[in-house]
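Okay, here's what each chain looks like letter by letter:
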Amino acid sequence: MSNKTQEIGDIHFPFPFTPYSIQKDFMAELYRVLEAGKIGIFESPTGTGKSLSVICGALSWLRDFEQKKHQEEARLLKAGTIPLSDGKEQPPPLSASCKRTPDTLSPAGEPDWVTQFVQKKEERDLVDRLKEEQVRRKKREERLQQMHHNAQLKYAAKRVRQEEEEMERLLRLSREMLAAGTGAKPLEQLASGEEELVLAEYESDEEKGAPSGVDEDEDDPEEEHVTKIYYCSRTHSQLAQFVHEVQRSPFGKDTRLVSLGSRQNLCVNEDVKTLGSVQLINDRCMEMQRSKHENRAEEEKPKRRRQEHQAACPFYNYEQLQLLRDQVLVGVKDIEQLVALGKEARACPYYGSRFAIPAAQLVVLPYQMLLHAATRQAAGIRLQGQVVVIDEAHNLIDTITGIHSVEVSGSQLCQAHSQLLQYMERYGKRLKAKNLMYIKQILYLLEKFVTVLGGNVKQNPNTQSLSQTGTELKTINDFLFQTQIDNINLFKVRHYCEKSMISRKLFGFTERYGIVLAPSREQPNLAGFQHFLQSLQPTVTKTPVTPVEDGEARVPRPASPLMHIESFLAALTTANQDGRVILSRQGSLSQSSLKFLLLNPAVHFAQVVKECRAVVIAGGTMQPSRLWSSPSVPPLLAKAPCLLRPAVPGPWANTEPCCCLQVSDFREQLLACAGVEAERVVEFSCGHVIPPDNILPLIICSGPSSQQLEFTYQKRELPQMMDETGRILCNLCTVVPGGVVCFFPSYEYQRQVYAHWDKSGLLARLAVRKKIFQEPKRANQVEQVLMEYSRCIKCCGQAGGTVTGALLLSVVGGKMSEGINFSDDLGRCVVMVGMPYPNIKSPELQEKMAYLDQTLPRVPGQPPPGKALVENLCMKAVNQSIGRAIRHQKDFASIVLLDQRYARPPILEKLPAWIRDRVEVRATFGPAFATMRKFHREKSVPS
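Residues numbered from 1 in each chain as written. Predicted model: local features only at pLDDT ≥ 70, side-chain atom pairs only at ≥ 80, totals over all residues. Heavy atoms only, no water.

**Q** Can you walk me through the overall build of the chain in this structure?
**A** Along its length, the chain carries 34 helices and 25 strands. Out of the 943 residues in the chain, the part that is buried amounts to 50%. Within the chain, contacts between residues separated by at least 24 positions form 79% of all contacts whose residues are at least 6 apart in sequence. Accessible area for the chain stands at about 46100 Å²; split by element, carbon and sulfur atoms hold 51% of it. (Helix = DSSP H or I, 4+ residues; strand = E, 2+ residues; numbered from the N terminus. Buried < 20%, exposed > 50% of the residue type's maximum accessible area, 1.4 Å probe, protein only. Contact = heavy atoms within 4.5 Å. Areas by Shrake-Rupley, 256 points an atom, 1.4 Å probe, with all protein chains shown as cover.)

See below:
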């Protein structure tokens, strides 16, 4: 693959091959957005090379930005210092306008000499900062250059690891010798003062080194964060694909890229990884970090009995982490390569990658890490003046809402109350007054939460039947008043939970003593809670009453419920108008729950757009659209430019110009609500690269027996509807080669249809032409099903015979509808059965609709914002599913929409432009089948 530099205007864009014209337009517009510090909303259909366009466009801008910055620094340094005859330096001479008498007043009223002094000091400070930055940059570049070329440095970590292993072996032998010498005899009682003669456990200065920077070399201060690009996407597999694209791009060798992930993805300590739970892995990691400092504090009190602490993590070593940081920056690596590198260097990839953030040019991370402020802060991510690219952004609003919505069950509330009460009973006399006060406040909150659900915190939630059932929705303030907790400062409680780490202490307490605490002379008040606490987790066997010894295997337990409840408490500090609380009362208290629903995602997105230099929101399928005509558009959006796509005429459109991207959701629910000026928002959309005759979108309104196709909730379960669907698929499978992917609205409906076909014999008829596969509900089975599906299609294509491929029955919104590519023979036809509308009776959806109706303006001639939300959710899911088939320029496929409602103009407008412009509506099945047969016959002939 030869690299070809494209010149667009005065900008040079390195590219691995000659780009499509739409890729050139994409890169040029992206460059302009980043240069001007705008917020860009980019739509580029899957298969148009969006990832490469983002990489080459953004990194070209970063290359030019760094070059301009260095040139400006050099100019300022040259102007800021003039050599004197004695070799010293002095500031540049004042201009003629500044040469005034000392008594001259400046325009601000200050004497001129004061103004000159301040100005000179600012100039000197600026020059000093620039010099420091240059020194740091030069050191980093030299260090990375040595790491890249010098094999001795590259494998220094391996030598250090071998030395440590040898030291551990010698220490183990020494302990064995001591143990053999003492035998079973008890240690002799030391005489008074003799303790001072015994050597304390030795810990070298290197072992005491911590990544906090306290023991670092003074010549290696904390690095400044260089200007960088944060690229985020939804899943680790999508991020890995992006990293591989960077590796193959012209920027692959010279870009300092860092891949970030959670501890669960990056931890290389097997003892910690086996805990399973994300929360438990996080807590154990933090506990092991603190252990060194705690052990050191214990050594300062030799006369007290030392407590046993969790061993410090052997992968958490400052020197090793510094080496790993440099290795991460030398070459582009994905998560798997980073983990392998960490294992080899015996250094933690989780912390090593974070050490590399300041010097990185491109940081790749999942959505949650960027969009959640606390996670962002913990990871060391600084957005001030940086660039953020959010890819696969069609789910951005849902993601922000999901991250900041939280649900707690009655069982969790009771369990947390019981555990915290026992903790207070045991350690109450050792706690300070303020600790006791906050613990009692938390207990009060938990009790009131259970009471508002209709339960009693002192009884078993599994056996408590509620007299009142159903769902109730409250504003935040109404919920606080109803639960009688409006007099408690939740901000202070939240702050206390964060600083005191009470949930972690509580987890350690329950982990140490198991589920049941035995009565003893020291804890007489705990006996009454034993059976109750045991009943909360009936599936767990009784545990020993004594603490778990260090040498014993620890059984992983779920994280403390208080950790989850803390998130709910934090959510209750949201502004009243931005969220709701849903009280769901089911048959028993344990099944009932309290759920916080975020209505305004802009409150959490506002900080991102405020701090960043530029934000790019990109996606392959950004439809459905709402058409804003200029007379009725909200004021903030009135001047927004619509680039490279004209208004689409239709029944919703006005004769005047309008914006026709799905970006209305981003504009209204995210950007406008976050206070973003309309002038800062730029939109870009492009068509598909495939030729028009390589795609056949069909809307079929009736089946072979003239049954009208309208899969409403009331009609879709009728036997004649399920039979007609089967007959249509039987006909399609006779003319479509390779793979057919059929999407159903839900898992339950797919199960019903499959069972009906099996009973009626339609399944056997389908199996004559295609081998049938079903999408599994379990995520860990998806890969196996896809491999078998792919293998079947490949074998059928080579062997011939009556079976011409495979039929995959999938679910909209399931594992197969996003992130899976059915290119070439894997997806020659995609069938959509019905319209996957969300459950309109859902209280969450109803409240969201009401919120939008209240906060967004009603546009004349268009449905209310709440109803538009329901249609958008449906069509967004449809577009995401049907876009799985066309993946590159030479690919071809047919798309079949089975429901006459798709032919309605308002629904048609919500299809992607590259599909909408080519769609054919067929009222009867005969002409549709003839069109399908002709299309696949022509496309299947080798050219």
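**Q** I'm lost on the packing of aromatic side chains in this one. Help?
**A** Ring pairs (aromatic) are described by centroid distance and by the angle formed between their planes. According to the stated counting rule, one finds 19 aromatic pairs in the structure shown. With a centroid separation of 5.2 Å and 85 degrees between ring planes, the pair formed by F15 and F17 is classed as edge-to-face. A ring pair is formed by F449 and F479, whose centres lie 5.9 Å apart and whose planes are at 25 degrees; its orientation type is stacked. One end of the pair, F449, is in helix α18 (residues 433-452); the other, F479, is in helix α19 (residues 476-482), and 30 residues separate them in sequence. Across the pair, F479 and F449 agree in class, each one buried. An aromatic cluster of three or more residues is present, and its members are F26, F42 and F684. Against the face of Y350 rests R354, its NZ or CZ located 3.7 Å from the ring centre. (Phe/Tyr/Trp six-rings, centres within 6.5 Å; stacked < 30°, edge-to-face > 60°. Lys NZ or Arg CZ within 6 Å of the ring centre and 35° of its normal.)

**Q** Sorry, what's going on with helix α31 (residues 865-882) here?
**A** Owing to its 3.6 residues per turn, the α-helix brings residues three or four apart onto one side. Here α31 is 18 residues long and its end C-alpha atoms lie 25 Å apart, about the 26 Å a rise of 1.5 Å per residue gives. Counting buried positions over the 18 residues of α31 gives 15, a clear majority of the element. (Expected span 1.5 Å × (residues − 1).)

**Q** Looking at this model, I keep getting lost on the packing of helix α17 (residues 410-427) against helix α23 (residues 561-571). Mind explaining?
**A** Axes are the key here: two packed helices are described by the angle between their axes and the distance separating the axes. Running from amino to carboxyl end, α17 crosses α23 at an angle of 115 degrees, the nearest separation of the two axes being 9 Å. Relative to α23, the element α17 lies roughly perpendicular. Here the hand of the crossing between α17 and α23 comes out left-handed. Where α17 abuts α23, its residues Q412, L413, Q415, A416 and Q419 lie against P561, L562, H564 and I565. For the contact of α17 with α23, the residue count by class is five nonpolar, four polar and no charged. (Axes fitted to C-alpha atoms, helices over the stretch in contact; angles between N-to-C directions. Parallel < 35°, antiparallel > 145°, perpendicular 65-115°, else oblique. Left-handed = near helix turned anticlockwise from the far one by under 90°. Nonpolar A, V, L, I, M, F, W, Y, C, P; charged D, E, K, R; others polar.)

**Q** Help me understand the packing of helix α24 (residues 602-611) against helix α25 (residues 664-672), please; the structure alone is not making it clear to me.
**A** Contact geometry of α24 with α25 gives a least axis separation of 8 Å together with a crossing angle of 80 degrees. Comparing their axes, α25 and α24 come out roughly perpendicular. Between α24, through A602, F605 and V609, and α25, the contact on the second element is made entirely by Q669, L670 and L671. Taken together, the residues of the contact of α24 with α25 break down into five nonpolar, one polar and no charged.

**Q** Please clarify how the nonpolar core should be interpreted in this entry.
**A** One recurring pattern in soluble globular proteins: nonpolar side chains tend to sit buried together. If you look at the biggest cluster of nonpolar residues, it comprises 67 residues, and the most contacted ones within it are L396 and F605. Counting 45 residues, the second largest nonpolar core, distinct from the first, contains V406, C414, I488 and L583. (Core = buried A, V, L, I, M, F, W, Y, C linked by side-chain atoms within 4.5 Å.)

**Q** What should I look at first to understand unusual backbone geometry in this one?
**A** Apart from glycine, the bulk of residues carry a negative phi angle, and the bulk of peptide bonds sit in the trans form. With a phi close to 60 degrees, Q484 is a non-glycine residue in the positive phi region. Mapped onto the secondary structure, Q484 falls in the loop between α19 and α20 (490-500). Exposure remark for Q484: the relative accessible area of 45% places this residue in the partly exposed category. Residues other than glycine seldom take positive phi values, yet S706 does so here, at roughly 65 degrees. Looking at the secondary structure, you find S706 in the loop between β19 (695-700) and α26 (719-735). Overall, the relative accessible area of 58% leaves S706 in the exposed class.

**Q** Is there a simple way to explain the pattern of salt bridges in this structure?
**A** A side chain with one charge can pair with a side chain of the opposite charge if their charged atoms come near. Applying the stated criterion across every chain yields a total of 21 salt bridges. Its salt-bridge partner being D391, residue K50 comes within 2.6 Å of it at the nearest N-O pair. One end of the pair, K50, is in helix α2 (residues 50-80); the other, D391, is in the loop between β9 (387-390) and α16 (396-403), and 341 residues separate them in sequence. Side by side, K50 and D391 carry an identical accessibility label, which is buried. As a salt-bridge pair, R494 and E498 come within 3.6 Å of each other at their nearest N and O atoms. Placement of both R494 and E498 in helix α20 is noted, with a separation of four residues, approximately one turn of the helix. Connected via shared salt-bridge partners are K50, D391 and E392. (Salt bridge = Lys/Arg side-chain N within 4 Å of Asp/Glu carboxyl O.)

**Q** I would appreciate a short explanation of the sheet that holds strand β24 (residues 893-898) in the present structure.
**A** The strands that make up a sheet pair up through hydrogen bonds in the backbone, lying either parallel or antiparallel. With respect to topology, seven strands assemble into an open sheet ordered β21-β22-β20-β23-β24-β19-β25, the strand pairing being parallel. Looking along the sheet, the strands with just one partner apiece sit at the ends: β21 (770-774) and β25 (920-922). Averaged over all pairs of adjacent strands, the angle between strand axes in this sheet comes to 20 degrees, irrespective of strand direction. Inspection of the sheet shows β19 paired to β25 by three bridges, in the parallel sense. Residue pairing across strands places I699 opposite V921, the latter belonging to β25. Lying on the sheet, helix α28 (residues 762-769) is in contact with β21 and β22 (805-811); it crosses β21 at an angle near 120 degrees. Contacts from helix α34 (residues 925-940) reach β19, β23 (829-833), β24 and β25, with the element oriented near 165 degrees to β19. (Pairing = 2+ DSSP bridges.)

**Q** I would appreciate a short explanation of the sheet that holds strand β13 (residues 593-598) in the present structure.
**A** Ordered by their spatial adjacency, four strands build an open sheet running β10-β13-β12-β11, and the pairing between neighbours is antiparallel. Edge positions in the sheet fall to β10 (406-409) and β11 (470-475), since each of these pairs with one other strand and no more. Across this sheet, the average inter-strand angle for adjacent strands is 15 degrees, counted without regard to direction. Here six bridges tie strand β12 (residues 579-585) to β13, and the two strands are oriented antiparallel to one another. Looking across to β13, one finds that G579 is bridged to L598. Together, β10, β12 and β13 form the strand contacts of α23, whose direction differs from that of β10 by roughly 125 degrees.

**Q** Would you take a moment to explain the pairing of β23 for this structure?
**A** Sheet faces and side chains relate simply in a regular strand, where the side chains alternate between the two faces. The element β23 is largely enclosed, with a buried count of five among its five residues. Here β23 pairs with β24 via five bridges, running parallel. Note that in β24 the partner of C829 across the bridge is S894.

**Q** Could you clarify how one ought to interpret the side chain of K770 in this entry?
**A** Position of K770 relative to the elements: it lies in strand β21. Among the residues examined, K770 registers a relative accessible area of 0% and is labelled buried. Polar contacts involving the side chain of K770 include one to the main-chain carbonyl oxygen of V736, which spans 2.7 Å. Looking at K770, its side chain comes within polar contact range of the main-chain oxygen of G738, at 2.8 Å. Apart from residues lying up to four places away in sequence, K770 is in contact with C733, V736, P737, G738, V740, V803, T804, G805, A806 and L807. (Polar contact = N/O pair within 3.5 Å; in protein donor to acceptor, adjacent residues only side chain to side chain.)

Everything listed here is a matter of coordinates, which is why it stays silent on function.
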